[in-house]
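Descriptive structure summary
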Amino acid sequence: MLALLCVFQRLGGALLRLPKSVVAAPAGKEEERMSGSGSGEEAEVAVTWSAYPRVFCPATTAAAPMFAVRSLAASRPAFPGRLPRPGGQQLPALAALHGSGRRPAARVAVILSGCGVYDGSEIHEASAILVHLSRGGADVKMYAPDISQMHVIDHTKGQPAENEKRNVLVESSRIARGKITDLSKLSSKDYDAVIFPGGFGVAKNLSTFAVDGKDCKVNKDVEKILRQFHKEGKPIGLCCISPILAAKVLQGTEVTIGHEQEEDGKWPYWETAQAIKALGAKHCVKEVNEAHVDIKNKVVTTPAFMCETALHHIFDGIGVMVQNVLKLAKK
């Protein structure tokens with residue numbers, strides 16, 4: 001901090017185009033307004049002085065209070081919109097600095113099925129998806145169907161709670177911090193990709209797979225969204241149990257839920273792979289930290305909590321899935 005103040009003092013405020021009197025103004029003064037020249041034109045600035053004592057720069061022994069400057073108005077942009085080019089032609093400033101403009105953020109819809117692994121969305125999976133999407137610079141919005149849950153599970157006992165009813169949209173809003181929209185209002189035209197976290201809510205609320213297996217039905221809005229995104233060639237990401245949605249709706253797609261054998265309890269839901277095959281889809285064996293990419297259908301899947309393993313392995317696998325979804329969204 002002292003070195004930074006020294007730089008300001010040596011330049012005499014030149015970088016900010018402020019009079020030298022400003023640099024030596026008394027400490028404790030809250031705010032002053034003044035004008036400084038910039039390329040021959042005036043720019044009004046406000047200088048807010050801190051209550052800290054004066055700080056002295058050893059190189060000049062002059063007093064320089066700590067301050068922050070914010071621009072209030074300017075007669076012209078600090079950086080010109082166009083740059084001169086030989087021959088009198090004008091070149092756009094950004095084009096002069098970069099070969100191409102910044103790519104817009106991918107718009108991704110995340111579909112939730114409640115809140116809680118046994119009757120809604122798996123919270124760790126949903127959070128991991130949101131973290132990786134944020135890291136990837138995506139513009140995210142969350143949706144859930146405005147329907148009643150199949151039932152409510154007491155997660156401390158793993159048993160249904162008697163005489164209790166909950167709404168999928170309301171419960172999903174817990175994960176979305178209140179920023180959630182009814183799934184019926186989702187249009188694929190507004191997004192570049194869609195992702196479904198896992199959790200038993202997929203098999204109980206977004207479909208009837210938990211009860212009917214391969215003969216299950218899929219929520220009409222979920223089916224519509226899957227068909228729309230697929231028809232428009234937009235990527236679909238699914239993890240944990242949610243690949244059964246793609247297997248049911250998109251005939252012939254390739255997905256993974258991990259391994260096809262229990263392997264001493266490591267893959268407790270391995271039989272889901274057999275159901276996926278019965279639905280007419282192709283199951284591809286993958287590790288928990290991997291994802292399978294069906295290039296033709298633009299469907300990306302990862303096992304997540306279909307595997308009994310450490311959380312960071314699941315987080316990494318979801319990251320691979322999200323990265324591939326975003327990569328496909330850019331093509």
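Here, every reference points to the structure presented above.
The structure contained in this document is the topic of the report that follows. Note that the structure is a prediction, hence the values are computed from the model and not measured. (Residues numbered from 1 in each chain as written. Predicted model: local features only at pLDDT ≥ 70, side-chain atom pairs only at ≥ 80, totals over all residues. Heavy atoms only, no water.)

**Comments concerning helix α5 (residues 168-175)**
Inspection of α5 places V168, L169, E171, S172 and I175 among the buried residues, and these make up the whole buried set. Viewed along the axis of α5, the buried residues span an arc of 160°, placing them on a single side of the element. Projecting away from the buried face of α5 at angles above 90 degrees are the exposed residues V170 and R174. Looking at the buried positions of α5, the neighbouring elements they touch are α4 (123-135), β9 (139-144) and β12 (180-182). (Buried < 20%, exposed > 50% of the residue type's maximum accessible area, 1.4 Å probe, protein only. Helix = DSSP H or I, 4+ residues; strand = E, 2+ residues; numbered from the N terminus. Arc of directions from axis to C-beta. Contact = heavy atoms within 4.5 Å.)

**What about the pairing of strand β15 (residues 254-258)?**
Where burial is concerned, most of β15 is hidden: four out of the five residues are buried. Note: β15 against strand β16 (residues 282-285), three bridges, orientation parallel. By the bridge assignment, E254 is partnered in β16 with K282. Remark: the β15/helix α10 (residues 272-278)/β16 crossover connection has right-handed handedness. (Pairing = 2+ DSSP bridges. Right-handed = clockwise from strand over helix to strand, strands pointing away.)

**Some remarks on the packing of α4 against helix α11 (residues 311-329)**
The relative placement of two packed helices is expressed as an angle between their axes plus a distance between the axes. Between α4 and α11, the shortest axis-to-axis distance is 9 Å and the interhelical angle comes to 50°. Put simply, α4 runs oblique to α11. You can see that α4 and α11 cross each other, and the crossing is right-handed. Residue-level contacts link H124, E125, A128, I129, V131, H132 and L133 of α4 to L311, F315, I318, G319, M321, V322 and L326 of α11. Partitioning the contact of α4 with α11 into residue classes produces ten nonpolar, three polar and one charged. (Axes fitted to C-alpha atoms, helices over the stretch in contact; angles between N-to-C directions. Parallel < 35°, antiparallel > 145°, perpendicular 65-115°, else oblique. Left-handed = near helix turned anticlockwise from the far one by under 90°. Nonpolar A, V, L, I, M, F, W, Y, C, P; charged D, E, K, R; others polar.)

**A closer look at α11**
The end-to-end C-alpha distance of α11, which contains 19 residues, comes to 27 Å, matching closely the 27 Å that a straight helix rising 1.5 Å per residue would cover. Of all the residues in α11, the buried ones are I314, G317, I318, G319, M321, V322, N324, V325, L326 and L328. Against β8 (107-111), α4, β13 (193-196), β14 (236-239), β17 (292-294) and β18 (299-302) lie the buried residues of α11. (Expected span 1.5 Å × (residues − 1).)

**Notes on the packing of aromatic side chains**
Per the counting criterion, the structure on display carries three aromatic pairs. For the pair Y143 and Y191, a centre-to-centre distance of 5.9 Å together with 90° between the ring planes defines the contact as edge-to-face. Residue Y143 is located in strand β9, and its partner Y191 is located in the loop between β12 and β13; the two are separated by 48 residues in the primary sequence. The burial state of Y143 is the same as that of Y191; both residues are buried. Residues F200 and Y269 carry aromatic rings whose centres are separated by 6.2 Å and whose planes lie at 75° to one another, so their mutual orientation is edge-to-face. Placement of the pair is F200 in helix α6 (residues 200-204) and Y269 in the loop between β15 and α10, with a sequence separation of 69 residues. What makes F200 partly exposed here is its relative accessible area of 28%. (Phe/Tyr/Trp six-rings, centres within 6.5 Å; stacked < 30°, edge-to-face > 60°.)

**Some words on the side chain of T302**
Within the element layout of this structure, T302 appears in strand β18. Residue classification places T302 among the buried positions, given a relative accessible area of 0%. At 3.4 Å, the side chain of T302 forms a polar contact with the backbone oxygen of G317. (Polar contact = N/O pair within 3.5 Å; in protein donor to acceptor, adjacent residues only side chain to side chain.)

**Observations regarding the nonpolar core**
Grouped together as the largest cluster of nonpolar side chains are 70 residues, with contacts concentrated most on I129, L133, F196, L245, I318 and M321. The residues touching F196, leaving out its near neighbours within four places in the chain, are I111, I129, L206, V222, L226, I236, G237, L238, C239, S242 and L245. (Core = buried A, V, L, I, M, F, W, Y, C linked by side-chain atoms within 4.5 Å.)

**Some points on unusual backbone geometry**
Unlike most non-glycine residues, N163 shows phi in positive territory, near 55°. Inspection of the secondary structure assignment puts N163 in the loop between β11 (159-160) and α5. Taking relative accessible area as the criterion, N163 reaches 83% and is therefore assigned exposed. Even without being glycine, C240 reaches a positive phi, approximately 65°. Here C240 shows up in the loop between β14 and α9 (243-249). In this structure C240 comes out as buried when scored by relative accessible area, which is 7%.

**What about the sheet that holds β9?**
Pairing between the strands of a sheet is mediated by backbone hydrogen bonds and can be parallel or antiparallel. The strand order across the open sheet built from seven strands is β12-β9-β8-β13-β14-β18-β17, with neighbouring strands paired in mixed fashion. Of all strands in the sheet, those bounded by a partner on one side alone are β12 and β17. Between one strand axis and the next, the sheet turns through 25° on average, direction left out of account. Each of β13 and β14 touches helix α8 (residues 220-231); the most contacted strand, β13, lies at about 140° to it.

**Remarks on a negative patch on the surface**
Taken together, E262, E263, D264, E271, E287 and E290 make up a surface patch of like negative charges. In this structure, E290 sits in the loop between β16 and β17. (Patch = residues over 30% accessible without salt bridge, like charges linked within 9 Å, V, L, I, M, F, W, Y side chains within 5 Å. Areas by Shrake-Rupley, 256 points an atom, 1.4 Å probe, with all protein chains shown as cover. Salt bridge = Lys/Arg side-chain N within 4 Å of Asp/Glu carboxyl O. Lys, Arg positive; Asp, Glu negative; His and termini not counted. Charge placed at Lys NZ, Arg CZ, Asp CG, Glu CD.)

Functional significance is not addressed by these values, which are geometric in nature.
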